[in-house]
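Summary of structural features
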Amino acid sequence: MNQILYVEKSKNSNSLSMEATVKIFVISIIIFAIIFIGKGVYGIVNSKKNDKVLEPSITINELEEELQIIINHEKAIDKIIYSWNNGKQETIQGRGRTNIVETIEFPTGNNTLYLKIIDSNKKETSYTKEYYRDDKDTIKPEIELVVEGSRVRVVAKDERKLSYIKYNWNDEDETIVEVREDSPKQIEERVSILKGENKLTIVAVDEAGNETVKEQIYKGAKKPTIEVTQTNDELLIKVSDEENIQKIEINLNGNSYSTDHENTGEPLNMKEAELNQKLEAGENNIVITAYSVNGLSEQVSRTITI
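Rules used in this analysis
Every residue gets a number counted from 1 within its own chain, in the order that chain's sequence is written. The predicted origin of the model limits local features to residues at a pLDDT of at least 70 and limits the giving and counting of side-chain atom pairs to 80 or more, whereas totals for whole chains, interfaces and linings rest on all residues. Side-chain metrics in this entry use all non-hydrogen atoms of the structure; hydrogen atoms and water are not considered. Buried, partly exposed and exposed residues are distinguished by accessible area as a fraction of the type maximum, computed with a 1.4 Å probe on protein chains only: under 20%, between the cut-offs, and over 50%, respectively. A run of H or I in DSSP counts as a helix once it spans at least four residues, and a run of E counts as a strand once it spans at least two, with each numbered from the N terminus. Two strands pair under a simple rule: DSSP has to find at least two bridges between them. In this analysis, two residues are considered to be in contact whenever any of their non-hydrogen atoms come within 4.5 Å of each other. Angles here are taken between N-to-C directions and fall from 0 to 180 degrees, while the axes themselves are lines fitted to C-alpha atoms, restricted in helices to the stretch in contact. For the purposes of this section, nonpolar cores are sets of buried Ala, Val, Leu, Ile, Met, Phe, Trp, Tyr and Cys residues that join through side-chain atoms within 4.5 Å. One side-chain nitrogen of Lys or Arg within 4 Å of one carboxyl oxygen of Asp or Glu is enough to make a salt bridge. For the purposes of these results, a polar contact is taken to be a pair of N or O atoms within 3.5 Å, where, inside protein, one atom must be able to donate a hydrogen and its partner to accept one; residues adjacent in sequence count only when each atom of the pair is a side-chain atom.

Below, the discussion takes up the pairing of strand 9 (residues 151–157). Of all the seven residues making up strand 9, five are buried; the element is thus mostly covered by neighbouring parts of the structure. Where strand 8 (residues 142–148) and strand 9 come together, seven bridges link them in antiparallel fashion. When the sheet's bridge partners are listed, E144 is paired in strand 9 with V155. Joining the antiparallel neighbours strand 8 and strand 9 is a turn of two residues, in which G149 adopts a positive phi near 65°. Where strand 9 meets strand 12 (residues 186–192), seven bridges bridge the pair, whose relative direction is antiparallel. The residue of strand 12 that forms the bridge with K157 is Q186.

Of note, E142 is situated in strand 8. In the structure, E142 is positioned 72 residues away from K214 in sequence and 9.4 Å away in space, judged by C-alpha atoms. If we skip the residues at most four places from it in the chain, E142 touches V155, A156 and K157.

Once that is clear, we can look at the sheet that holds strand 1 (residues 57–62). Overall, antiparallel pairing links the three strands, which are arranged 1-2-5 in an open sheet. Only two strands of the sheet have a single neighbouring strand rather than two, namely strand 1 and strand 5 (99–105). The sheet shows a mean angle of 20° between the axes of neighbouring strands, taken without regard to direction. Bridge analysis of strand 1 against strand 2 (residues 66–72) gives six bridges, and the strand direction is antiparallel. What sits directly across from N61, in strand 2, is Q68.

What follows is about the side chain of N244. Tracing the backbone through its elements, the reader meets N244 in the loop between strand 16 (234–240) and strand 17 (245–252). For N244, a relative accessible area of 13% corresponds to the buried category. N244 has contacts with P267, L268, N269, M270, S292 and V293, leaving out every residue within four places of it along the chain.

Strand pairs in the sheet, formed through backbone hydrogen bonds, run parallel or antiparallel to each other. Strand order in the open sheet made by the four strands is 18-17-20-21, with antiparallel pairing throughout. Every other strand in the sheet has two partners, leaving strand 18 (255–258) and strand 21 (297–305) as the edge strands with one partner each. Neighbouring strand axes in the sheet, compared pairwise and without regard to direction, differ in orientation by 15° on average.

Another point: unusual backbone geometry. If you check the backbone angles, R95 has positive phi at about 55° while not being a glycine. Looking at the element boundaries, R95 is found in the loop between strand 4 (90–93) and strand 5. Among the residues examined, R95 registers a relative accessible area of 63% and is labelled exposed. Phi is positive for N232, which is not a glycine, with a value near 55°. Considering the arrangement of structural elements, one finds N232 in the loop between strand 15 (225–231) and strand 16. Its relative accessible area of 65% is what places N232 among the exposed residues.

Time to look at the nonpolar core. In this structure, L145, V152, V154, I165, L200, I202 and Y218 are the most contacted members of the largest nonpolar core, which totals 18 residues. Looking at this core, the elements that each hand over two or more residues are strand 8, strand 9, strand 10 (162–169), strand 12 and strand 13 (196–206). In terms of residues, this core owes the most to one element, strand 10, which gives four residues. Not counting residues up to four positions away in its chain, the partners in contact with V152 are L145, V146, V147, E189, R190, V191, I193, L200 and Y218. In terms of nonpolar packing, the next biggest core, distinct from the first, is built from 17 residues, I60, L67, F106 and Y131 among them.

Under the definition given, this model contains 18 salt bridges. In this structure, E124 and K116 form a salt bridge, with 3.9 Å as the shortest nitrogen-oxygen distance. A relative accessible area of 27% places K116 in the partly exposed class. Two residues, D182 and R180, come together in a salt bridge whose shortest N-O distance is 3.0 Å. Of the two residues, D182 and R180, neither departs from the other in class, the shared state being exposed. Here the residues in one salt-bridge network are E148, R153, E188 and R190, joined through shared partners.

To continue, consider the side chain of R133. Of note, R133 is situated in strand 7 (residues 124–133). Within polar-contact distance, the side chain of R133 engages the backbone oxygen of F106 at 2.6 Å. Excluding anything up to four places from it in sequence, R133 contacts E64, E65, F106, P107, T108, G109 and R160.

Remember, this is a structural readout, not a statement about activity or role.
Encoded structure:
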């Protein structure tokens, strides 16, 4: 009897051990499945987040006659394709940049901009928006002043059409220069600089009435004067300047001479100077240049045969 009971107990014990093992195995599979599914869900969510981050940032600013396009992206940009009203497409090369600032034409009236950004992975992002620009001219003319010796070259420019320019020294009467039909966008005038310190005022007006004013102070001076007199094989050179002579240079048959041969920059502190230059037998090619302290210069050339 005791032996039978022992056998029965052993059978029950083995049965319980098998059930526990199966339960542990099943629970392990469930835990593994939960971990696997969790990783998959996390990967999908994270992928979606990355997709959102990789969308380029697009900012468009309206300028006077252009649109400024600003694009920032985490990936390199291959190219940007745009068109107005689904018309002719224009391409801006990305050249591997991640930050791009470009300006494009901005036509007048109501127009729709179609923009497509293609990154290095060939992913496309599209942008469409309607823009309006008034045809009114609001851009002022430009004025450029350039000193040419004893005169000022005045150049006025406009992107559409100029009407006229006017100028005057100090409080003197104005001089008006009308635009020419063969040059509607530019007016050019040369104005003699007055002696002493004077203020030049320039006003440029375009066809729409936009006006630009420019003022500049100029100190006027005359160029030095050079007189050359020949006596046999010698030249007498007379140089004069109304303020002060900076230096005198002579080039005779390729040989150079100067009153400031060491380039000290010191002026002669003379309003008049005389130099004697010996000539050589045969042909003499001589060039004389005189400089004033105001930066003006005069040059005289002679060919003399002895």
